[in-house]
Amino acid sequence: MTSQQLEALLLVQEHDTARDRLRHRRLTLPERAELESHTAKLRELEAQIREVGGRRDAVLADEKRLDDEARSIGAKADEADKQLYSGGTNSPRELQAMQADVDMLRRQRSDLEDQELEVMEAREALDKEMAALDADAATLRAEIDRLLGLIAVAEGEIDAELAEEDAAWTAQAELIPESLLADYQRRRAQNKGAGAARLVGTSCTACHLSIPSNEAEQIRKSTGDAPSYCDNCGAILVP
Ligand SMILES: [Zn+2]
């Protein structure tokens, strides 16, 4: 293996490091954390909207039922009233009984209307609560859309950089013998990052630890033989 191939290997390592950094940046975009917290908030809000909406619908049904009852009793009162003045009877006792009927029906209707008013007020309060929750949800949805847009833009930029790094990686990798590249990749995977490093003096630039000076000397003399490795991190050392 030539020193040119080893230099190419160091460049491959540089491009791998750059790609790792870009992938990490892509995964940890700050907007992603914000998006997650906003999405969680929206889910909570939607549950609240369902709950308040359920209560509102129940109260609205109550309101409608009271309104129907008041109308039907009102119609009965009007009917009884009409009978009273229809001249169907002249008996004071009967007329008195009929008047009492009309009065009772009107009282019932008035009671129902009072209840309906109370229920309507409760329903209006729930409507207001719903409107406020809906507005909050709309704000959150807009914010989520904005974050998704920012994330898409950032991802696009990172992907373009990654494509450049991929191309540069391939160009260098083509200069390296297959077995050396495979050795590098195995070591890089074990090391979670560094598969090859420059030897500067007696120190490995991957782990920043030193190897014995006679070993460093030997590595500097031995270009062309089998690759040398860092005793500490196992990276391929390039003199
Ligand atoms: Zn090392």
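Residues numbered from 1 in each chain as written. Predicted model: local features only at pLDDT ≥ 70, side-chain atom pairs only at ≥ 80, totals over all residues. Heavy atoms only, no water.

Q: Whenever I open this one, the sheet that holds strand E4 (residues 236-238) confuses me. Can you help?
A: Hydrogen bonding along the main chain pairs the strands of a sheet, whether they run parallel or antiparallel. On the basis of which strands lie adjacent, the open sheet formed by 4 strands has the order E2-E1-E4-E3 and mixed pairing. Either end of the sheet is taken by a strand with one partner, and the two such strands are strand E2 (203-204) and strand E3 (228-229). Of the strand pairs in this sheet, strand E1 (residues 196-200) and E2 are connected by 2 bridges, and their pairing is antiparallel. Note on E2: the bridge partner recorded for leucine 199 is cysteine 204. Along the sheet, helix H1 (residues 3-27) contacts E1 and E4; its crossing angle with E1, the most-contacted strand, is approximately 120°. (Pairing = 2+ DSSP bridges. Helix = DSSP H or I, 4+ residues; strand = E, 2+ residues; numbered from the N terminus. Contact = heavy atoms within 4.5 Å. Axes fitted to C-alpha atoms, helices over the stretch in contact; angles between N-to-C directions.)

Q: Could you clarify how one ought to interpret the coordination of the zinc ion in this entry?
A: Perfect tetrahedral coordination of a metal by four donors corresponds to 109.5 degrees between them, and perfect octahedral coordination by six donors corresponds to 90 or 180 degrees. Note on the zinc ion: its protein donors are Cys204 (SG), Cys207 (SG), Cys230 (SG) and Cys233 (SG). The metal-donor distances range over 2.3 to 2.4 Å. What the 4 donor atoms of the zinc ion show is an angle range of 103 to 114° at the metal, which sorts the shape as tetrahedral. Going along the chain, you hit the donors of the zinc ion in the pattern C-x2-C-x22-C-x2-C. The class of cysteine 230 is buried, set by a relative accessible area of 4%. (Donors = N, O, S within 2.8 Å, 3.2 Å for Na, K, Ca; no water. Tetrahedral: all angles 85-135°; square planar, octahedral: opposite > 155°, others 65-115°. Buried < 20%, exposed > 50% of the residue type's maximum accessible area, 1.4 Å probe, protein only.)

Q: Please clarify how the packing of aromatic side chains should be interpreted in this entry.
A: Summed over the entire model, instances satisfying the criterion amount to 0 aromatic pairs. Lying over the aromatic face of tyrosine 229, arginine 187 brings its terminal NZ or CZ to 3.3 Å of the ring centre. (Phe/Tyr/Trp six-rings, centres within 6.5 Å; stacked < 30°, edge-to-face > 60°. Lys NZ or Arg CZ within 6 Å of the ring centre and 35° of its normal.)

Q: Is there a simple way to think about the pattern of salt bridges in this case?
A: One side chain can pair with another of opposite charge once the charged atoms of both are near each other. Taken as a whole and judged by the stated rule, the model has 25 salt bridges. Measuring nitrogen to oxygen at the nearest pair gives 2.9 Å for the salt bridge that ties arginine 188 to aspartate 20. You can see arginine 188 sitting in helix H4 (residues 178-191) and its partner aspartate 20 sitting in helix H1, a full 168 residues away along the chain. With a relative accessible area of 29%, aspartate 20 lands in the partly exposed category. Taken together, the shared-partner salt bridges connect Asp16, Arg19, Asp20, Arg23, Asp166 and Arg188 into one network. (Salt bridge = Lys/Arg side-chain N within 4 Å of Asp/Glu carboxyl O.)

Q: Explain the packing of H1 against H4 to me, please; I cannot follow it from the model alone.
A: Close contact between H1 and H4 brings their axes to 11 Å; oriented N to C, the two are set at 40°. As H1 runs across H4, the sense of the crossing is right-handed. Contacts between H1 and H4 involve Leu6, Leu9, Val12, Gln13, Asp16 and Asp20 from the first element and Leu180, Leu181, Tyr184 and Arg188 from the second. For the contact of H1 with H4, the class distribution of residues is 6 nonpolar, 1 polar and 3 charged. (Left-handed = near helix turned anticlockwise from the far one by under 90°. Nonpolar A, V, L, I, M, F, W, Y, C, P; charged D, E, K, R; others polar.)

Q: Teacher, can you tell me more about unusual backbone geometry here?
A: Leaving glycine aside, a negative phi is the common case for residues, and trans is the common case for peptide bonds. One non-glycine residue, lysine 192, lies in the positive phi region at around 55°. Here lysine 192 shows up in the loop between H4 and E1. For lysine 192, a relative accessible area of 78% translates into the label exposed. Even without a glycine there, the phi angle at histidine 208 is positive, about 65°. When you line up the elements, histidine 208 lands in the loop between E2 and helix H5 (213-221).

Q: Help me understand the environment of threonine 205 in this model?
A: Position of threonine 205 relative to the elements: it lies in the loop between E2 and H5. Overall, threonine 205 belongs to the partly exposed group, its relative accessible area being 36%. Each C-alpha atom, one on threonine 205 and one on glutamine 115, is 83 Å from the other, the two residues being 90 residues apart in sequence. Contacts of threonine 205, omitting those with residues within four sequence positions, involve Ala197, Arg198 and Val200. Only 2.9 Å separates the side chain of threonine 205 from the backbone oxygen of arginine 198, close enough to count as a polar contact. (Polar contact = N/O pair within 3.5 Å; in protein donor to acceptor, adjacent residues only side chain to side chain.)

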